[in-house]
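Breakdown of the fold
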Amino acid sequence: MSSAPLQPILRPHPPSSISSFSSPRRTQPSPRARPCRLAAAREMPWPHVLTVAGSDSGGGAGIQADVKACAALGAYCSSVITAVTAQNTAGVQGVHLVPEGFIRKQLNSVLSDMSVDVVKTGMLPSVGIVQILCESLRKFPVKALVVDPVMVSTSGDSLSDPSTLTNYRDELFAMADIVTPNVKEASKLLGGVSLHTVSDMRDAAASIYKFGPRYVLVKGGDMPDSSEAIDVFYDGKEFIELRGHRIKTCNTHGTGCTLASSIAAELAKGSTMLHAVRVAKNFVESALDHSKDLTIGNGPQGPFDHLFRLKCPPYNIGSQQRFNQDSLFLYVVTDSRMNKRWGHSIEDAVKDAIEGGATIVQLREKDAESREFLKAAKACVEICKSSGVPLLINDRVDIALACNADGVHVGQSDISAREVRELLGPGKIIGVSCKTPAQAEQAWNDGADYIGCGGVFPTMTKANNPTLGFEGLKTVCLASKLPVVAIGGINTTNAGSVMELGIPNLKGVAVVSALFDRECVMTETRNLRSILTSALCSV
Ligand SMILES: Nc1ncnc2c1ncn2[C@@H]1O[C@H](COP(=O)(O)OP(=O)(O)OP(=O)(O)O)[C@@H](O)[C@H]1O
Ligand SMILES: Cc1ncc(CO)c(N)n1
Ligand SMILES: [Mg+2]
């Protein structure tokens, strides 16, 4: 092992909304500067979470859950292991603490070398470990600290010494950006008060807030049976009840660890706290729903599939990342008639649109022969893959499967999103055109990833398409649990006004003729992209 002196590092952070909750003491640049062979490459803002937690031999909770959750949400995850548990779906059979000196060593190894954005804590089983962590955080400040005060496993086994309670409250909570107790942990932290209702959860959140964290999330996964899983978020002023579907499943082992590390991953990517919590909760809900019928182990509480991979048919493996809503920002839809009019091939049109800044491409070829369409689709898959831009196919699930596209977009008269999901598997992107709140609800229930809503303005591209206007768009967005892309008559003169509506789940605009019924697709796309970016900045 090398014993070279540790070099200090100075790391510029990417601009991010995270500063809205970071404290001055943690935003101070750490007094580190490092020599680096690949300085330019290392400046890339890879989101990085360090988890300080225990290992779960069953693989469902602890460090293992944290690493999988971060991987699923697109953050790098390093790990400092505080304890090794012998654990399975029946409970905890043993706990072996890692010596405190060695925990200090692990913390030093990671924090002195790597650019960690967010530290997430799980099992901190002794007073000494809490103190060592606090010392390390003072020495190596990070952008945010997420504390999941793990004390008891769902099986009822103790995962920390009761004497840590005071340290948690007095030392760690004061440094935390968010603490995420479940109801049992909240009760312990508050001297054993009983929590039975959402109103009790609010009171608990307010009391825990007084220990010093910037935000508190009291998790209601263990609350008595109801159709909803309700968590209470508190920022010191306002309580927000985060309500999700309660998934009927025994596979909930590790939900708490997953939620906290997902929050950490989103913060590392630059989210504000409330947004990070919402994304994390949605992620847990989808993963539980996807893993309802998984059987791993024989005990009462099983793990779930963070990466949505275990049930994938072979043709899906290795093909697709989970859907990133930001890709809806500039959604381009091809049209072969327009391409013909200007003498463009589909491939060239797609290439130019991507060059101009398109963030997702849909091939909508109404009159192409299937064989010709498949050939063009295969070429476009390669073009899109090399630029990291997802490629969707309109209507044609067969073409999407044959060319291994990233997904399919369907209309109200095409086969349903539920059937498309069955055919494509969980890893692909599915979009549905919706004009009403009821259609948006159906798309959500059918397992779609986003909806397209329009026509926002009158359009010649789609005959007999009723115009919804801004009011209709807002109504559908408000009702939709899915992200929305606006479509219909959108061009460089009106796209800004659509984004300036500032509707939170309206993620972008979809355009056809404004780009493809033009001589220079690249220039038009570039113009549109800069208009959208300015509009977004002005909201
Ligand atoms: N059956 C369920 N369906 C949907 N969401 C759930 C379900 N169970 C828990 N959740 C959600 O999972 C998140 C974690 O909460 P939970 O109360 O389960 O944490 P926890 O008890 O610390 O978990 P664990 O200790 O098992 O890791 C919360 O957002 C909660 O609402
Ligand atoms: C190691 C570990 N950390 C956290 C939890 C809580 O789910 C658990 N069961 N095991
Ligand atoms: Mg927990």
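Bear in mind the structure is a predicted one, so any value in this text is a computation, not a measurement. Counting restarts for each chain: residues are numbered from 1 in the order of the written sequence. Think of it this way: whatever chain is written first is A, whatever ligand is written first is 1, and the rest follow in order. Totals for whole chains, interfaces and linings use every residue, but because this is a predicted model, local features are given only for residues with pLDDT of at least 70 and side-chain atom pairs only at 80 or more, for both listing and counting. For the side-chain quantities, the full set of heavy atoms in the structure was used; hydrogens and water were omitted.

Focus on the packing of aromatic side chains
- Any two of the Phe, Tyr and Trp rings considered here, Trp counted by its six-membered ring, make a pair once their centres fall within 6.5 Å; the pair's planes then place it as stacked at under 30 degrees, edge-to-face at over 60, or tilted in between. Using the criterion set out here, one finds 9 aromatic pairs in the structure.
- A centroid spacing of 5.9 Å and a plane angle of 35 degrees characterise the contact between F323 and Y450, whose relative ring orientation is tilted. Pair noted here: F323 is in the loop between helix 10 (273–290) and strand 10 (330–333) and Y450 is in strand 15 (residues 450–454), with a separation of 127 residues, a long-range link.
- Partly exposed residues are those whose accessible area sits between 20% and 50% of the maximum for their type, while under 20% is buried and over 50% is exposed, using a 1.4 Å probe and protein chains only. Note on Y450: relative accessible area 0%, which makes it buried.
- Aromatic rings pair up to connect Y168, F173 and F211 into one cluster. We count a stretch as a helix when DSSP gives it H or I for four or more residues in a row; a strand needs E for two or more, and each element gets its number in order from the N terminus.

Remarks on the site of ligand 2
- The rule for a residue being near a molecule or strand is that one of its heavy atoms must lie within 4 Å of it. Near ligand 2 the following residues occur: G54, S55, A61, G62, Q87, M123, V150, S153, L159, H253 and C257.
- In protein, a polar contact means a hydrogen-donor-capable atom and an acceptor-capable atom, both N or O and within 3.5 Å, with residues adjacent in sequence counting only if both atoms are side-chain atoms; elsewhere, any N or O pair within 3.5 Å suffices. Within the side chain of Q87, a nitrogen or oxygen atom sits 2.7 Å from a nitrogen atom of ligand 2.
- Under the scheme applied, nonpolar residues are Ala, Val, Leu, Ile, Met, Phe, Trp, Tyr, Cys and Pro; charged residues are Asp, Glu, Lys and Arg; polar residues are all the others, including Gly. Of the residues assigned to the shell around ligand 2, the class counts are 5 nonpolar, 6 polar and no charged.

Structural notes on the site of ligand 1
- In the region of ligand 1, 19 residues are neighbours, and K219, D231, I247, T255 and G256 sit closest.
- Measuring from a nitrogen atom of ligand 1, one finds a backbone N or O atom of I247 at 2.8 Å.
- Measuring from an oxygen atom of ligand 1, one finds a side-chain N or O atom of T255 at 2.8 Å.
- Accessible surface is estimated by sampling points in the Shrake-Rupley manner with a 1.4 Å probe; for residues, cover comes only from the protein chains shown. Its free accessible area being 630 Å², ligand 1 has 93% of it covered by the protein chains.
- Counting residues per element, the ones that place at least two in the shell around ligand 1 are strand 8 (228–234), helix 9 (255–269) and helix 10.
- Top element by residues in the shell around ligand 1 is helix 9. It accounts for 4 residues.

Quick look at the sheet that holds strand 6 (residues 178–179)
- The pairing criterion for strands is at least two bridges between them, as found by DSSP. Read from one edge of the open sheet, 9 strands run 3-2-1-4-5-6-7-8-9, paired in mixed fashion. The open sheet has two free edges, formed respectively by strand 3 (91–97) and strand 9 (239–245), since each of these has just one partner strand.
- Of the pairings in the sheet, the one linking strand 4 (residues 118–121) to strand 5 (residues 144–147) comprises 4 bridges and is parallel in character. Paired with V119 across the two strands is L145, which belongs to strand 5.
- Contacts between helix 3 (residues 62–73) and the sheet are confined to strand 1 (48–56), strand 2 (76–88) and strand 4, with strand 1 contributing the most and set at about 150 degrees to the helix. In what follows, a contact means two residues having at least one pair of non-hydrogen atoms within 4.5 Å. Axes here refer to lines fitted to C-alpha atoms; in helices the fit is confined to the stretch in contact. Angles between the N-to-C directions go from 0 to 180 degrees.

Quick notes on the packing of helix 9 against helix 10
- It is the contact of helix 9 with helix 10, at a shortest axis distance of 8 Å, that shows an interaxial angle of 135 degrees. When the axes of helix 9 and helix 10 are compared, the pair comes out oblique. Once helix 9 is placed against helix 10, the crossing between them reads as right-handed. Of the residues in helix 10, those touching helix 9 at T255, T258, L259, S262, I263, E266 and L267 are M273, A276, V277, V279, A280, K281, F283, V284 and L288.
- Residues of the contact of helix 9 with helix 10, tallied by class, amount to 11 nonpolar, 3 polar and 2 charged. Orientation labels follow simple angle bins: below 35 degrees gives roughly parallel, above 145 gives roughly antiparallel, 65 to 115 gives roughly perpendicular, and whatever is left gives oblique. Left-handed describes a crossing in which the near helix is turned anticlockwise from the far one by less than a right angle; the clockwise case is right-handed.

Describing the sheet that holds strand 16 (residues 484–487)
- The 8 strands are arranged 10-11-12-13-14-15-16-17 in a closed barrel whose pairing can be described as parallel. Within the sheet, the average angular offset between the axes of one strand and its neighbour, ignoring direction, is 25 degrees.
- Here strand 10 pairs with strand 11 (residues 360–363) via 3 bridges, running parallel. Residue pairing in the sheet places V332 in a bridge with V361 of strand 11.
- On top of the sheet, helix 13 (residues 370–387) reaches strand 11 and strand 12 (391–394); it is set at about 160 degrees to strand 12, its chief contact.
- Across the sheet, helix 17 (residues 469–479) is in contact with strand 15, strand 16 and strand 17 (506–511); its angle to strand 15 comes to roughly 160 degrees.

Regarding unusual backbone geometry
- Here G454 and G455 are connected by a cis peptide whose omega angle stands at -5 degrees.
- In this structure, D395 takes a positive phi of about 65 degrees despite not being glycine.
- Its place among the elements puts D395 in the loop between strand 12 and helix 14 (397–403).
- Here D395 falls in the partly exposed class, since its relative accessible area comes to 24%.

Looking at the pattern of salt bridges
- We count a salt bridge whenever a side-chain nitrogen from Lys or Arg sits within 4 Å of a carboxyl oxygen from Asp or Glu. With the rule as written, the count across this model stands at 21 salt bridges.
- For R396, the salt bridge goes to D398, with nearest N and O atoms at 3.0 Å.
- Classification of D398 by relative accessible area gives partly exposed; the value is 44%.
- Across the salt bridge formed by D446 and R418, the nearest N and O atoms sit 3.2 Å from each other. Of the two residues, D446 sits in the loop between helix 16 (437–445) and strand 15 while R418 sits in helix 15 (residues 417–424), which places them 28 residues apart along the sequence.
- When salt bridges with common partners are traced through the structure, they connect R202, E228, E241 and R243 into a single cluster.

Some words on the packing of helix 4 (residues 100–113) against helix 5 (residues 127–139)
- Contact geometry of helix 4 with helix 5 gives a least axis separation of 10 Å together with a crossing angle of 25 degrees. It follows from the interaxial angle that helix 4 and helix 5 lie roughly parallel. Here helix 4 runs over helix 5; the crossing is right-handed. Residues E100, I103, R104, L107, N108 and L111 of helix 4 pack against G128, I129, I132, L133, E135, S136 and K139 of helix 5.

Here we look at the side chain of Q301
- For Q301, the position within the fold is in the loop between helix 10 and strand 10.
- Q301 sits in the buried class, given a relative accessible area of 14%.
- Leave out the neighbours within four places in its chain, and Q301 touches T89, T154, C250, T252 and H253.

Let's talk about the nonpolar core
- The nonpolar core is taken to be a set of buried Ala, Val, Leu, Ile, Met, Phe, Trp, Tyr and Cys residues, with the residues joined through side-chain atoms within 4.5 Å. Residues L363 and I393 are the most contacted members of the largest nonpolar core, which totals 74 residues.
- Among the elements that make up this core, the one with the highest residue count is helix 13 (7 residues).
- Listed in part, the 43 residues of the second largest apolar core include L50, F140, L172 and L189.

Points about the environment of I81
- Of note, I81 is situated in strand 2.
- Considering only alpha carbons, one finds I81 and V52, 29 residues apart in sequence, at a separation of 6.0 Å.
- Excluding anything up to four places from it in sequence, I81 contacts A53, S55, I63, V98, I103 and Q106.

Geometry only, nothing functional implied.
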